[in-house]
Amino acid sequence: MIKEELKKKISDKTACIGVIGLGYVGLPLIVEFALKGYRGIGFEVDTKKTAEINKGHSYIVDVTSENLKKCLDTGKLKATTDFSQLNECDVIVICVPTPLRKTKDPDMSFILAAGGEIQKYARRGQLIILESTTYPGTTDEILLPMFEEKGLKLDADFLLAFSPERVDPGNPQYQTHNIPKVVGGVTKDSTEVAAFLYSQVVNHVHSVSSARVAEAAKLWENTFRAINIGMANEMAKVCNALGIDSWEVVKAAATKPFGFMPFFPGPGIGGHCIPLDPHYLSWKARQHGFDSQFITLAEQINSGMPKYVAGLVRDALNESEKSVKGAKILILGVAYKKDIDDMRESPALSVIDLLRSRGAEVVYHDPFVPEVTFDHAYTIGSGEPLFNAELTDDLLKSSDCVVICTEHSNVDYPRVCKLSKVVVDTRNALDETLRSGSKAKIVRL
Ligand SMILES: NC(=O)c1ccc[n+]([C@@H]2O[C@H](COP(=O)([O-])OP(=O)(O)OC[C@H]3O[C@@H](n4cnc5c(N)ncnc54)[C@H](O)[C@@H]3O)[C@@H](O)[C@H]2O)c1
């Protein structure tokens, strides 16, 4: 029985773990297994990434180069672009991107490519796990037929499961080992072995009855966030219209010890998950004749936030008898969230786009992001790249408006308040003390 063979190999740490896709999800995972004593092979299409890993240089915020070197020194880790080595692996975990097409339909090409490599090199006795976020049914409808086509029989020759990733890049409190892991296999044996595997590196594993349930659980989690952020953004607009401080309101509401969970407004949503994942669910629901209205509404509100912020900038400049056209605007923070360098789907890009398309001269400062390119389909501005500007006194003084899009910790906010003329704070980066002592006019979301 391959179930018993695999469990034995996992238990005595002779199992070789292959991870396909060494990004924010795949690299921390393979390093966790290698640190626990498993031999790990990382498969990547990006040769720069494999070279960096094999030199012991980490490009992911949650993985230290020190840990990477430890794994290389013990011979427990290597990265490669040679997919024929998939044949050596007892376990193969797929962690490739799941973006959207321009039409907002799921782009399954990365999963298909990874599945194709496994199809080529798979052998009897392997456990294959999909971790990429995707619509319910992907594991059963796309991956399973690919491996069966090769003549392999489920349970007898291979096991197949889905286990969603919940990594929160840059969160020091929750890392791979202490984030509970949901596991759903295509068969009972698949669930059992996949759960056993993860229990070696994760404190708590929660097994569910099928891969579909696990796929849906991940989308439920992220749709919950997208919708609640949408509500926080709507509430911020309501509070602004009523002249009430939305941040004070949400903090007050959050003192309720049950039945309320705070979500905060902002310039929009970013990253590879929250803006994308709900579309995977609504797309699949549409195939079954169901229109998920909450998802559509949240998407409309969240994607409208950059425009709302551009409007706040316009109004603030107007108060100083200035127009957006020709104004010097400094964007503080362009990564999609605090203290990380991830620019994927960052709403700051849309804010910059909108302001540039209206004739503003935009520069940015972000200690984590040296350069910003505008090759995204939604670019409506001039599209020229921007480079990180040093946050000098002169820059602050000469800017007509400073817009805080991301509240990185290592920014000198007291100096921002002292030297700027107008600050639009979309993240509540400036606390009460800073605001009350500020010389700048401060506008908050
Ligand atoms: N980033 C997060 O915070 C996060 C959290 C939970 C879940 N996820 C999900 O995990 C998946 C991966 O996300 P990520 O953030 O790690 O993406 P990423 O872009 O950081 O990493 C994916 C890696 O896969 C590589 N790749 C692409 N095609 C490949 C192929 N055919 N073979 C081998 N490598 C290939 C890319 O070069 C890249 O290095 C996505 O489905 C995402 O939705 C991400």
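Caption draft 1: Quick look at the sheet that holds strand β10 (residues 361–365). Taken together, the five strands give an open sheet; going across it, the order is β10-β9-β13-β14-β15, and neighbouring strands pair in parallel fashion. Strands at the two margins of the open sheet, each flanked by one partner only, are β10 and β15 (441–444). Between one strand and the next, the sheet's axes are offset by a mean angle of 20°, whatever the strand orientation. Across four bridges, strand β14 (residues 422–425) lies against β15 in parallel orientation. Looking across to β15, one finds that V423 is bridged to I442. Most of the contacts of helix α13 (residues 347–357) go to strand β9 (residues 328–332), to which it runs at about 180°, and overall it touches β9 and β10.

Caption draft 2: Spatial organisation of the sheet that holds strand β7 (residues 181–185). Within the open sheet, the eight strands sit side by side as β3-β2-β1-β4-β5-β6-β7-β8. Their pairing is mixed. Looking at the sheet topology across the chains shown, the edges are occupied by β3 (77–80) and β8 (205–208). Adjacent strand axes in the sheet meet at a mean angle of 25° when their direction is disregarded. Across the face of the sheet, helix α6 (residues 138–149) comes into contact with β4 (91–94), β5 (126–130) and β6 (158–162) while running at roughly 160° to β6. In the packing of helix α7 (residues 188–198) onto the sheet, contacts are made with β1 (16–20), β4, β5, β6, β7 and β8, and the angle to β7 comes to roughly 155°.

Caption draft 3: Spotlight on the pairing of β8. Here β7 runs beside β8; their pairing, made up of four bridges, is parallel. When the sheet's bridge partners are listed, K181 is paired in β8 with V205. Read as a crossover between parallel neighbours, the route from β7 over α7 to β8 is right-handed.

Caption draft 4: Up close: the environment of L197. Its place among the elements puts L197 in helix α7. L197 sits in the buried class, given a relative accessible area of 0%. The spatial distance from the C-alpha of L197 to the C-alpha of I142 is 23 Å, given a sequence separation of 55 residues. Leave out the neighbours within four places in its chain, and L197 touches I10, I17, F33, V91, L127 and I129.

Caption draft 5: Quick look at the layout of surface pockets. In this structure, the second largest pocket occupies an estimated 260 Å³ of space. Looking at the second largest pocket, it is lined by 16 residues, and the ones nearest its centre are M231, M235, V250, F260 and F263. When contributions to the lining of the second largest pocket are tallied by element, the ones reaching two or more residues are α8 (211–242) and α9 (246–253). Top element by residues in the lining of the second largest pocket is α8. It accounts for seven residues.

Caption draft 6: Summary view of the state of the cysteines. Taken as a whole and judged by the stated rule, the model has zero disulfides. You can see C16 has no disulfide; the closest cysteine sulfur is in C89, sitting 4.1 Å from it. In this structure C16 comes out as buried when scored by relative accessible area, which is 2%.

Caption draft 7: Main features of empty space enclosed by the protein. The final tally for this structure, using the stated rule, is two cavities of 30 Å³ or more. Of the voids in this model, the largest cavity is the one considered here, and its volume is about 70 Å³. T223, A226, I227, I269, I274, P275, P278, H279, I295, A298, E299 and N302 are the residues that line the largest cavity. For the lining of the largest cavity, the secondary-structure elements that each account for two or more residues are α8, α10 (277–287) and α11 (293–303). Here the element with the most residues in the lining of the largest cavity is α11; it accounts for four residues. Grouping the amino acids of the lining of the largest cavity by side-chain chemistry returns eight nonpolar, three polar and one charged. What the second largest cavity holds in volume is close to 50 Å³. The wall of the second largest cavity is formed by P164, E165, R166, T176, I179, P180 and K181.

Caption draft 8: The pattern of salt bridges, seen in detail. Tallied over the full model, the rule gives 29 salt bridges. Connected via shared salt-bridge partners are K3, K7, D189 and E192.

Conventions adopted
Residues numbered from 1 in each chain as written. Predicted model: local features only at pLDDT ≥ 70, side-chain atom pairs only at ≥ 80, totals over all residues. Heavy atoms only, no water. Pairing = 2+ DSSP bridges. Helix = DSSP H or I, 4+ residues; strand = E, 2+ residues; numbered from the N terminus. Axes fitted to C-alpha atoms, helices over the stretch in contact; angles between N-to-C directions. Contact = heavy atoms within 4.5 Å. Right-handed = clockwise from strand over helix to strand, strands pointing away. Buried < 20%, exposed > 50% of the residue type's maximum accessible area, 1.4 Å probe, protein only. 1 Å grid on protein atoms, 1.4 Å probe; cavity = no way out; pocket = protein on both sides within 12 Å on 5 of 7 lines; lining within 4 Å. Points joined across faces, edges and corners; volume = space filled by probe spheres on them. Disulfide = S-S within 2.5 Å. Nonpolar A, V, L, I, M, F, W, Y, C, P; charged D, E, K, R; others polar. Salt bridge = Lys/Arg side-chain N within 4 Å of Asp/Glu carboxyl O.

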